[in-house]
Amino acid sequence: MPMPPIHATPIRLLAEQALSRTAGAPLLNGNAVELLIDASAHYDAWLAAIRGARQRVLLENYIIRNDEVGVAFRDALVERARNGVFVAVVVDWVGCLGQSRHSFWAPLRAAGGEVRVFNPPQLGQPFGWISRDHRKLLVVDGVHGFLSGVCISAKWLGDPARNVPPWRDTGVALRGPVVAELEATFAQSWRETGAALRQFVPLPEPAAAVGDISLRLIATQPATAGMYRLDQLIASMARKTLWLTDAYFVGLTPYVQALVAAARDGVDVRLLVPGSSDIPAVASMSRSGYRPLLKAGIRVFEWNGSMLHAKTAVADGQWARVGSSNLNIASWLSNRELDVAVEDADFADQLAAQYERDLGNATEIVLAAPRRRGSSERVRSSETRPRIPHGGGSSGRAAAGALRIANSVGAALTNRRVLGDSSSGPLLVGTLALLTLAVVAILWPAWVGWPLGVMCGWFALNLGIRAWRLRGQRANDGD
């Protein structure tokens, strides 16, 4: 675990070096951090910052939906753009598919704002769609910064008319040197979608530090695995406690082994996950891995509310993480994600206290004696969990498919998929799916042949275009 913030000892310096190299992010001192809980607090803080903007507003979010919340944000951006504020927005193509269309942004573009869409389908990149921009970032005037797991959608506020409570989510408001890093992170995403971001006039150095918190900003990009390495390291270094909250937990075998090793070494490891998920397929994969965790002494809890969407970690009362990264291969290796790792006892205490409050609305899963039907039972389930509409959350059906593909790729690369004593449910589902496909292929071969032919034609077209482009590049290089 990261050493306590005392005088610089050789061990402390070694730990700091390991964390910096693992995360690919330096330690930034002199920051102020405010914990934001749930969407209402986020939207109030974000809109207040936007409406007070004087120079620039930089907004990057996986989902901005055309509903009352999305319209409120768009209209606030339009008002600022009309008053001469530079407004730049990056949204994800998959995240906003079916959520907001080109026409939704027409008023902002007409007011002088700029909107770009990350990674729409492109010829020559048949698998390019798997990588998504899953970040939730706002920077205003180079002074106020925010990052979170919260998307801009009324779904996060729940539905009182249908007795659906708000989604449980977490983020932070930031000031200090980290805001410049946030702005640089946005500039990377902006450059990925077109021309580089304009240069802004540097702000004068503040007379004094705005706070005393040290932190690291981890801006994950595809295949960099900075957050994965850091999660692994923290699991290995934790000495007393490691409390995790995750919306779509599908841990890779090395990470699960790190958690198991920590628990067997006496660390209090806890995992809080949704009881009802907007992506049932991911929830099923998550549950299939409970038993090895429980057998190692890791405590697993399921949230009883409408949807738990937070992504946090707190360890040893000294280190805390908040952001957009889930504990699965899609976030660790495929997506653009954004998290802050805070090395401050007071902030870690705040997050730990919130964690304990969350457990008050959760059901602990425990091992049961072998019975005809089960492998585990719930300690408490007095509350009926609200049903979550499927397909409209932070990831949705398209991202669920991407996650399944990503996990399959991970299994192929490692040549292993350890199931242990997990439930046979996923295996039975796979068996039935393959059996159904076999019957259809035998009785109605055209139903399989036509889709297969279209898919092969699509990949052939993309690979041919890619080969043609590479041939042209080589020809140009030879001139």
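Residues numbered from 1 in each chain as written. Predicted model: local features only at pLDDT ≥ 70, side-chain atom pairs only at ≥ 80, totals over all residues. Heavy atoms only, no water.

### Re the overall build of the chain
Item 1. Secondary structure assignment for the chain yields 14 helices and 16 strands.
Item 2. Looking at the chain as shown, the accessible area adds up to about 22,500 Å², and 57% of this sits on carbon and sulfur atoms. (Helix = DSSP H or I, 4+ residues; strand = E, 2+ residues; numbered from the N terminus. Areas by Shrake-Rupley, 256 points an atom, 1.4 Å probe, with all protein chains shown as cover.)

### Brief notes about the packing of helix H6 (residues 226–237) against helix H7 (residues 253–264)
Item 1. Two numbers describe how H6 lies on H7: the axes approach to 9 Å, and their chain directions differ by 20°. Classified by the angle between their axes, H6 and H7 sit roughly parallel to one another. In the packing of H6 onto H7, the handedness of the crossing is left-handed. Along the contact surface, H6 presents Tyr 228, Asp 231, Gln 232 and Ala 235, while H7 presents Pro 254, Tyr 255, Ala 258, Leu 259 and Ala 262. (Axes fitted to C-alpha atoms, helices over the stretch in contact; angles between N-to-C directions. Parallel < 35°, antiparallel > 145°, perpendicular 65-115°, else oblique. Left-handed = near helix turned anticlockwise from the far one by under 90°. Contact = heavy atoms within 4.5 Å.)

### Some thoughts on the packing of helix H2 (residues 38–51) against helix H3 (residues 68–82)
Item 1. Look at H2 against H3: their axes get within 9 Å of each other, and the N-to-C directions meet at 15°. Looking at the two axes, H2 sits roughly parallel to H3. Between H2 and H3 the crossing geometry is left-handed. Facing Tyr 43, Trp 46, Leu 47, Ile 50 and Arg 51 of H2, the residues of H3 in contact are Val 69, Ala 72, Phe 73, Ala 76, Leu 77 and Arg 80.
Item 2. A per-class count over the contact of H2 with H3 returns nine nonpolar, no polar and two charged. (Nonpolar A, V, L, I, M, F, W, Y, C, P; charged D, E, K, R; others polar.)

### Some thoughts on the confidence of the model for the chain
Item 1. The predicted model of the chain averages 85 in pLDDT, with 82% of residues at 70 or higher.
Item 2. This stretch, residues 1–6, has a pLDDT under 50; its non-local contacts, to residues over four places away or in other chains, come to 21 contacts.
Item 3. Below a pLDDT of 50 lies the segment residues 380–385, which in the model reaches 16 contacts outside its immediate sequence neighbourhood of four places, other chains included. (pLDDT = per-residue confidence, 0-100.)

### Quick word on the layout of surface pockets
Item 1. What the second largest pocket holds in volume is close to 660 Å³.
Item 2. For the lining of the second largest pocket, the secondary structure elements donating two or more residues are strand E1 (28–37) and helix H5 (178–192).
Item 3. The greatest single-element share of the lining of the second largest pocket, amounting to five residues, is contributed by H5.
Item 4. Split by residue class, the lining of the second largest pocket holds 16 nonpolar, five polar and five charged. (1 Å grid on protein atoms, 1.4 Å probe; cavity = no way out; pocket = protein on both sides within 12 Å on 5 of 7 lines; lining within 4 Å. Points joined across faces, edges and corners; volume = space filled by probe spheres on them.)

### Topic: empty space enclosed by the protein
Item 1. By the definition in use, this model includes five cavities of 30 Å³ or more.
Item 2. Looking at which element gives the most residues to the lining of the second largest cavity, the answer is helix H8 (residues 280–288), with three residues.
Item 3. Here the residues of the lining of the second largest cavity are counted per class, giving eight nonpolar, two polar and no charged.

### As for the environment of Gln 55
Item 1. Mapped onto the elements of the fold, Gln 55 is located in the loop between H2 and strand E2 (56–61).
Item 2. With relative accessibility at 42%, the residue Gln 55 sits in the partly exposed group. (Buried < 20%, exposed > 50% of the residue type's maximum accessible area, 1.4 Å probe, protein only.)

### Comments concerning the packing of aromatic side chains
Item 1. Throughout the structure, instances matching the rule amount to ten aromatic pairs.
Item 2. Relative to Trp 167, the ring of Trp 156 has its centre 4.4 Å away and its plane inclined at 45°; by these criteria the two rings are tilted. Of this pair, Trp 156 sits in the loop between strand E6 (144–148) and strand E7 (170–175) while Trp 167 sits in the loop between E6 and E7; the two residues are eleven residues apart in sequence, bridging distant segments of the chain.
Item 3. Of the residues examined, Trp 167 reaches a relative accessible area of 5% and is grouped as buried.
Item 4. Grouped by ring-pair contacts, the aromatic residues Tyr 43, Trp 46 and Phe 73 constitute a single cluster.
Item 5. The positively charged end of Arg 56 is found above the aromatic ring belonging to Phe 200, 4.3 Å away from the centroid.
Item 6. Against the face of Phe 104 rests Arg 74, its NZ or CZ located 4.9 Å from the ring centre. (Phe/Tyr/Trp six-rings, centres within 6.5 Å; stacked < 30°, edge-to-face > 60°. Lys NZ or Arg CZ within 6 Å of the ring centre and 35° of its normal.)

### Brief notes about the state of the cysteines
Item 1. Applying the stated rule across the entire model yields zero disulfides.
Item 2. Unpaired in this structure, Cys 151 has its nearest cysteine sulfur neighbour in Cys 96, at a distance of 8.4 Å. (Disulfide = S-S within 2.5 Å.)

### Examining the nonpolar core
Taken as a class, soluble globular proteins show a tendency for nonpolar side chains to be buried jointly.
Item 1. Among the nonpolar cores identified, the biggest contains 47 residues, and Leu 77, Val 89, Trp 105 and Leu 108 are the most heavily contacted of them.
Item 2. Elements represented by at least two residues in this core include exactly H2, E2, H3, strand E3 (86–92), strand E5 (136–140) and H8.
Item 3. Residues contacting Leu 77, with those up to four places away along its chain left out, are Ile 50, Val 57, Leu 59, Val 87, Val 89, Trp 105 and Leu 108.
Item 4. Ranked by size, the runner-up nonpolar core spans 43 residues in total, among them Ala 235, Ala 238, Leu 259 and Tyr 290. (Core = buried A, V, L, I, M, F, W, Y, C linked by side-chain atoms within 4.5 Å.)

### Considering the pattern of salt bridges
Side chains that differ in charge, positive against negative, can pair when their charged atoms come close.
Item 1. According to the stated counting rule, one finds 15 salt bridges in the structure shown.
Item 2. For Arg 162, the salt bridge goes to Asp 159, with nearest N and O atoms at 3.9 Å.
Item 3. In this structure, Arg 168 engages Asp 358 in a salt bridge whose closest nitrogen and oxygen atoms are separated by 3.0 Å. Within this pair, whereas Arg 168 is found in the loop between E6 and E7, its partner Asp 358 is found in helix H11 (residues 345–359), the two being separated by 190 residues in sequence. Of the two residues examined, Arg 168 and Asp 358, each falls in the buried class.
Item 4. What emerges from the salt-bridge pattern is a single network uniting Asp 38, Arg 168 and Asp 358. (Salt bridge = Lys/Arg side-chain N within 4 Å of Asp/Glu carboxyl O.)

### Observations regarding the side chain of Glu 343
Item 1. Summarising the element assignment, Glu 343 is placed in strand E14 (residues 337–343).
Item 2. We classify Glu 343 as buried; its relative accessible area is 11%.
Item 3. One polar contact links Glu 343 to Arg 216, side chain to side chain, over a distance of 3.1 Å. (Polar contact = N/O pair within 3.5 Å; in protein donor to acceptor, adjacent residues only side chain to side chain.)

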